[in-house]
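Single-letter residue listing:
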Amino acid sequence: MLLTAIVFLPLVGALLVLLAGGRGDRPEREGAVRATALAVSLVAFAATLLLWWRFDAADPAFQFVENRAWLPQFGISYHLGVDGVSLFLVVLTGFLTPLALLCSWESTHKNVKLFSFFLLALESAMLGVFVSIDLFLFYIFWDAVLIPMYFLIGIWGYERRIYAAVKFILYTMVGSILMLVAIIGLSYAHGAGSGQQTFNLLELYGTALSWRMEKWFFLAFALAFLIKVPLFPFHTWLPDAHVEAPTAGSVILAGVMLKMGTYGLLRFAFPLFPNAAHYFAPYIAVLAVVGIIYGALVAMVQPDMKKLVAYSSVSHLGFVVLGLCSNTIQGVEGAVYQMLNHGVSTGGLFMIVGMLSDRRHTRLIAEYGGLKAVMPRLVACFLLVTLSSIALPGMNGFIGEFLILLGGFRWMAGMTAFAATGVILSAVYMLWMFQRVNYGEVTNDKNRALPDLSGREWALMIPTVAMAIFMGVAPSLFLRTMEPSVVRTVDRTNGVQVTAESVPRVPAPAAGVRR
Amino acid sequence: MSSFAATIPILIVVLSAIAAMMAEAIRHPGERMYIAGFGLIGLVGAAVASCFLWDTDAISFGVVRADNFALFINIILCIIGVLTMLFSNEVVEREGLPAGEYYALTLFAISGMMLMAAATDLLVIFLALEVLSLAVYVLTGLRRASAPGAEAAFKYFLLGAFSSAFFLYGIAFAFLLSNGSTRLDAVAQAIASGPNATVSLLAVGLLAVGFCFKVSAVPFHMWTPDAYEGAPTIVTAFMSTGVKAAAFGAFVRVFLSSFEPMQVQWIPVLSAIAAATMILGAVMGVLQSNIKRMLAYSSIAHAGYLLLGIVAANAAGKSAVLFYLLTYAVANLGALGIVALLGTAEQPHDQLRDFAGLWRTRPALAGLMTVFLLSLGGFPPTAGFIGKWYIFSAAVQEGHYTLAIIGVLSSVVSVFFYLRIVVMMYMTDEGAAPARPPISATAMAGLSLAMLATFYLGVLPTRVIDYALQSIQTIF
């Protein structure tokens, strides 16, 4: 019941928020609405921590499993569970949602009730994505995520918000709807083989498929996930969505939603279609490396801080995809770790950009300069988050990127060497931006009297920075817990027999497949 | 008595129609009377009667068969009717529609629809088709003073009469084929026993034209946008759901029983029609700025998805058609109902820009409209998602991957125009939005029921899918 409680608690909270807000848009009840929303999200975070506390790190299988028949005619069930991979994504979601609510505290005054409602509904849907073991249920949550995000961008975004919101939803839907066809096809293919139609992921692992089917199903799944990541050249929706979204939307979008794509690759696309995964992994990795370098180069020339951070996400998630494609234990472990790091550090960067634009109502780098003298505390936090993002040793990003490169070198050394230049490039664009914004003389008079961090902003920065440092110095705490599950996932993709999880693997030799 | 059993739901609706007519006759001019009440009583009665008849497989006069399939469609039609009645009272008053005629014709149309889904004789299907069509033609032109209304009714009538002729000609060939019978079982036997290829092809082709016209499939859809736009909005809401439910019921019954052996011949044709219908409906919908026209093209696209169920021609396909009709009826009636409820005689409130800022002045209505549009667009956790998933999975089961992919992609295109309405409601400032009339508690109750049904079918569809699966056993 713990997982059901965690997934639906924010949704119940969202309804409570509607009650707390009363009828219509009442500014005088803003305080009550915000307090309710924040309290609910904190309780949800506490629940995810409880989940982590009770999680058995030695067990690679799904834990806290709940399995109830839902549409028994089609073998669809309400089937939830977490393993070492999804556990931390659940915790990350729990961690970032209160911060997202808090960072919009002063910039959002337009119908706060609805804003908090959508943010909490979004949290429910995202948590559902990470804990679903039934493919149908997964797809429902996957699609349900789009609606609240669409409203968050479309109602509370900046000037071109409608364009960005519609582009976001249509772009991601095209990919995911093809995945729906593949999910249906896969369940029928499994039914044809075993006589029992099912959407249970654990039973679908190892379904024997013809090479032609496996190829197309894999491509449909991969397209959905790669658009979500987003991998070059499917990334064009991301800069628009990020730039136009309100700060809270950007934090959630970058912090959690992009991880849904990489999580999907790791959990579904690769282990469900291992032959196709091995066949296509090099091609995807090439795109990932192109994305790493392209994202970094484009980020370098952005005049807008938010756009810069958005393109840095394209670059950083290229690393994650590269690690996943390597399908080595180090690479995948690094990729999962990097998903968490990226959530913390990019979430932090978006919050800081939000704080600056709350003060000055602009995000252009050229408008700033010399902020160190004006707001030393904010700049100190900015520096720490920046260092975390460029993977300085001792910060969280380093562990992730190091492991990814380690795994990548074992797999394809030449390509990984190219990818490694992305580490240097990320230092270039981030530090250059940091330097232009914070160092030198105060050139713009409007910047002279900006207030330093407020109490609310401290509440945003302390957890973020603390988490960045903590994850940098004590990675074993996380890696130890995720390792058994990572090993199992990698084994599945490699076609190694996986035991003790209900279904024996059907060997699926297909002609003309490279191993 | 028992020979009447199958017609009881139909008779109840006919009685309520007559009661509505009488009420109009004895009403003093200007006296207010809740005529919709007769309709509500009759429809609820018909629904209850249908529930009692469930699993009895009653047959009346050898040509009306109240099998579970017909009863399922009866219940869909009763839901459509009840929602229409709940919305009608204030719309009729506000738009100055002739109340007695409106209610009587709507109820007669429903009785025709019920008969159409239950008939097992091609001629009775034709009779029922005419009963419902004539009523709907008149309803379309009910605003006598309105030029677009007259134009719509005239177009609809001419093209409808034309398609009826095709249908009748198809029946004639079926009559020839089975040596003097228009009963579905006789036709089925004749086809199974060694088809006279040319005659049976002519019969199938001409009947398909008739059905495709009624369900507004491409290329027989031309009348749809004009008729839907010109008709009073409440009538649009009613006919876009009711006619479709009845026509698809008969379509499934005829094509998946008598003409099932000829699948090889008609599946390719209907596949092409389905693909064209889905694509054209979705693409043309994007170009519209009038909401009624937009939803007309959306209903064309939905006809395309429903055709996929017939093309799949398996158990999943047939029950998916039933389930989809229900989800579509609830959502489409809800959405068009809101458009109707916001309109007045002077200000139809049917342009896209009329919805600007609805969220600010009428948050509840905007929320309801959003739910219905998301359901039409096929988003979870609403009914539309389960419906689409069910119908596409029936197609995939038979290996129609291309059709399923065309279907899902055109549904993404249609999401674009559903979202245009959402953008208007939530993300655009009110500007010159028209004054919006208040909405009565009855109508709100109807909309809330539709919303509850949308969520119920989206979250807990198991039971209804079970009923749908039970319903298709008598059509083979």
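Just so we're clear, the structure is a prediction, and the values are computed from it rather than from any experiment.

Caption draft 1: Spatial organisation of the overall build of chain B. Within chain B, the secondary structure is distributed over 19 helices and two strands. Computed over its C-alpha atoms, the radius of gyration of chain B comes to 21 Å, within 12% of the 23 Å expected for a compact globule of 476 residues. With the C-alpha coordinates of chain B rotated into their principal frame, the extents come out at 65 × 55 × 40 Å. Within the span of chain B, comprising 476 residues, buried residues form 64% of the whole.

Caption draft 2: Here's a closer look at the overall build of chain A. When you go through chain A residue by residue, the secondary structure sums to 20 helices and two strands. Its C-alpha atoms give chain A a radius of gyration of 22 Å, within 12% of the compact-globule value 24 Å for 515 residues. On the principal axes, the C-alpha backbone points of chain A span a range of 70 × 55 × 40 Å. Look at the contacts in chain A between residues 6 or more apart in sequence, and 80% of them connect residues 24 or more apart.

Caption draft 3: Just the pairing of strand S2 (residues 76-82) of chain A, in detail. All names here are of chain A. In terms of residue burial, S2 counts as a mostly covered element, since five of its seven residues are buried. In the sheet, strand S1 (residues 63-71) pairs with S2 via six bridges, with the strands oriented antiparallel. What sits directly across from Leu 71, in S2, is Ile 76.

Caption draft 4: Region of the structure containing the interface of chain A and chain B. The interface is formed by 25 residues belonging to chain A together with 26 residues belonging to chain B. Breaking the side of chain A that touches chain B down by element, the ones donating at least two residues are S1, helix H5 (135-144), helix H6 (146-156) and helix H7 (161-194) of chain A. With 14 residues, H7(A) is the largest single contributor of residues to the side of chain A that touches chain B. For the side of chain A that touches chain B, the class distribution of residues is 19 nonpolar, four polar and two charged.

Caption draft 5: Looking closely at helix H4 (residues 112-131) of chain A. The end-to-end C-alpha distance of H4(A) is 29 Å, a good match for the 28 Å that 20 residues give at a rise of 1.5 Å each. Burial runs high along H4(A): 20 of the 20 residues are buried.

Caption draft 6: Geometry of the environment of Val82(A). All names here are of chain A. Positionally, Val 82 belongs in strand S2. A sequence separation of 26 residues divides Val 82 from Asp 56, and the C-alpha atoms of the two residues are 11 Å apart. In this view, Val 82 contacts Leu 3, Leu 51, Phe 62, Gln 63, Phe 64, Leu 87, Val 90 and Val 131; residues no more than four positions away in its chain are not counted.

Caption draft 7: Layout of the packing of helix H11 (residues 263-286) of chain B against helix H17 (residues 401-427) of chain B. Residues and elements named next belong to chain B. Interaxial distance between H11 and H17 falls to 8 Å at its minimum, and their mutual angle equals 15 degrees. Comparing their axes, H17 and H11 come out roughly parallel. The interaxial crossing formed by H11 with H17 has left-handed handedness. Residues Ser 271, Ala 274, Ala 275, Met 278, Ile 279, Ala 282, Val 283, Gly 285 and Val 286 of H11 form the contact with H17, whose participating residues are Leu 403, Ile 406, Gly 407, Ser 410, Val 413, Ser 414, Phe 416 and Phe 417. Counted by class, the contact of H11 with H17 contains twelve nonpolar, five polar and no charged residues.

Caption draft 8: Fine view of the environment of Ile267(B). All names here are of chain B. Relative to the helices and strands, Ile 267 is located in helix H11. Overall, Ile 267 belongs to the partly exposed group, with 18 C-beta atoms counted inside 10 Å. Counting along the chain gives 219 residues from Ile 267 to Val 48, while the straight-line C-alpha distance between them is 37 Å. Those residues within four positions of Ile 267 in sequence are excluded, and the remaining contacts are Val 311 and Ala 313.

Caption draft 9: Structural context of the environment of Phe87(B). Residue and element names in this part refer to chain B. Structurally, Phe 87 is set in helix H3 (residues 68-95). Taking the C-beta count within 10 Å as the criterion, Phe 87 has 29 such neighbours and is therefore assigned buried. Filtering out sequence-adjacent residues up to four positions away, Phe 87 remains in contact with Ile 234, Gly 337, Ala 340, Leu 341, Ala 443 and Gly 446.

Caption draft 10: Summary view of the packing of helix H17 (residues 396-411) of chain A against helix H19 (residues 455-473) of chain A. All names here are of chain A. With their axes 6 Å apart at the nearest point, H17 and H19 run at an angle of 45 degrees to one another. It follows from the interaxial angle that H17 and H19 lie oblique. Residue-level inspection shows Asn 396, Phe 398 and Ile 399 of H17 in contact with H19, the latter providing Ala 468, Met 471 and Gly 472. Its residues assigned to classes, the contact of H17 with H19 comprises four nonpolar, two polar and no charged.

Caption draft 11: Highlighting unusual backbone geometry. Residues and elements named next belong to chain A. Omega for the peptide link from Phe 232 to Pro 233 comes to 0 degrees, which places this bond in the cis form. The residue Phe 64 is not glycine, and still its phi comes out positive at about 55 degrees. One can find Phe 64 in strand S1.

Caption draft 12: Here's a closer look at the confidence of the model for chain B. When pLDDT is averaged across chain B, the result is 90; 99% of the residues are at 70 or more. Within chain B, helix H18 (residues 441-459) of chain B carries the highest mean pLDDT (94), whereas helix H14 (residues 358-361) of chain B carries the lowest (85).

Caption draft 13: How the structure looks around the confidence of the model for chain A. Scored by pLDDT, chain A comes out at a mean of 87, with 96% of its residues at no less than 70. Across residues 500-515 of chain A the pLDDT falls below 50, and counting only partners more than four positions away or on other chains, this stretch makes 27 contacts in the model.

Basis of the calculations
- Residues numbered from 1 in each chain as written.
- Chains lettered and ligands numbered in written order.
- Predicted model: local features only at pLDDT ≥ 70, side-chain atom pairs only at ≥ 80, totals over all residues.
- Helix = DSSP H or I, 4+ residues; strand = E, 2+ residues; numbered from the N terminus.
- Rg over C-alpha atoms; globule rule 2.2 N^0.38 Å.
- Buried ≥ 20, exposed ≤ 12 C-beta atoms within 10 Å, placed from the backbone.
- Contact = placed C-beta atoms within 7 Å.
- Pairing = 2+ DSSP bridges.
- Nonpolar A, V, L, I, M, F, W, Y, C, P; charged D, E, K, R; others polar.
- Expected span 1.5 Å × (residues − 1).
- Axes fitted to C-alpha atoms, helices over the stretch in contact; angles between N-to-C directions.
- Parallel < 35°, antiparallel > 145°, perpendicular 65-115°, else oblique.
- Left-handed = near helix turned anticlockwise from the far one by under 90°.
- pLDDT = per-residue confidence, 0-100.

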